[in-house]
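Reading the structure
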Amino acid sequence: MAANRDPQPSPLPGFIRDSGLFLRQAVQTFRATGAVTPSGTALANSLARYVTRREDPNSPVTILEAGPGTGPVSRAVAARMRPGDTFDMVEPNPVFVEHLTGLVKHDPVFVPVADRVTIHQALVTDLGTDRRFDVIISGLPFANFTADEVRTIMEYYFTVLRPGGHLSFFGYLYTKQVKAVIAPLDDYLRQVQSGWEVQKWVNRYAVDREHVYRNLPPAWIHHLRKPLD
Ligand SMILES: C[S@@+](CC[C@H](N)C(=O)[O-])C[C@H]1O[C@@H](n2cnc3c(N)ncnc32)[C@H](O)[C@@H]1O
């Protein structure tokens, strides 16, 4: 379902407003939100790297972002879009969708590209398989998911990713070590298993890995590429 509401801009400075909104959603839906603060600028810029680094600099690209939340990575994407590029964002949380709708309409970074941006209120795997994307950026909290859920989502990404296209996704450093100390055993074991599933895809398709320490909390990013054949 594409969102069509038209919220007005908030008078609060963007970072404070977005952090407050994000924290409220994290408290209500921690499993799906998976963090307590939105991604910082350094992490957002690194996640958006393949919007800039394209195989053919003269061809437009199709971009998918799963789990944009309050939109810090989406803004980095929008700032890098070139003529003809299209950008689909998929977010199930209606509060975030309403916020993103306002961002696309009023944020100066989005205004020039707004007619090529679509927000879908859905789970990413419900978007269908009839489209193909050159760049997929995933903000999904895999550490909160089961191994089966991670497999389903990664299979979906590699179905809709065009050969030669890139998938970038992130997680937080040291969460497994922290969970080993503070989390119930079954939750720790679930995260170990979902981590193994992530690692299988990384082993198969990774082209680069980054650590972003200038983020709260510090994060890792994996960049994967779908082979041409
Ligand atoms: C860790 S937050 C990331 C938000 C934002 N990308 C950022 O970096 O600040 C995870 C986001 O994924 C969304 N999400 C969770 N499960 C999802 C799914 N199956 N499909 C799409 N989005 C999902 C959540 O609602 C939340 O907005």
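About the thresholds
Residues numbered from 1 in each chain as written. Predicted model: local features only at pLDDT ≥ 70, side-chain atom pairs only at ≥ 80, totals over all residues. Heavy atoms only, no water. Phe/Tyr/Trp six-rings, centres within 6.5 Å; stacked < 30°, edge-to-face > 60°. Buried < 20%, exposed > 50% of the residue type's maximum accessible area, 1.4 Å probe, protein only. Lys NZ or Arg CZ within 6 Å of the ring centre and 35° of its normal. Helix = DSSP H or I, 4+ residues; strand = E, 2+ residues; numbered from the N terminus. Near = heavy atom within 4 Å. Polar contact = N/O pair within 3.5 Å; in protein donor to acceptor, adjacent residues only side chain to side chain. Areas by Shrake-Rupley, 256 points an atom, 1.4 Å probe, with all protein chains shown as cover. Nonpolar A, V, L, I, M, F, W, Y, C, P; charged D, E, K, R; others polar.

What about the packing of aromatic side chains?
Counted under the stated rule, the structure contains eight aromatic pairs. Their ring planes at 70° and their centres at 6.3 Å tell us that Phe142 and Phe145 sit as a pair that is edge-to-face. In this structure, Phe142 and Phe145 share a single accessibility class: buried. Here Arg204 stacks its cationic end above the ring of Trp201, 4.8 Å away from the centre of that ring.

Description of unusual backbone geometry
In this model, Leu216 is joined to Pro217 through a cis peptide bond whose omega is -5°. Note on placement: Pro217 falls in the loop between strand E6 (206-212) and strand E7 (219-225).

A word on the site of the ligand
For the ligand, the set of nearby residues contains 23 residues, the closest of which are Thr33, Ser39, Gly67, Glu91 and Val124. Here a nitrogen atom of the ligand and a backbone polar atom of Gly67 are 2.8 Å apart. At a separation of 3.4 Å, an oxygen atom of the ligand approaches a polar backbone atom of Gly69. Protein coverage of the free-state accessible area of the ligand, which is 610 Å², stands at 96%. Taken together, the residues of the shell around the ligand break down into 15 nonpolar, six polar and two charged.

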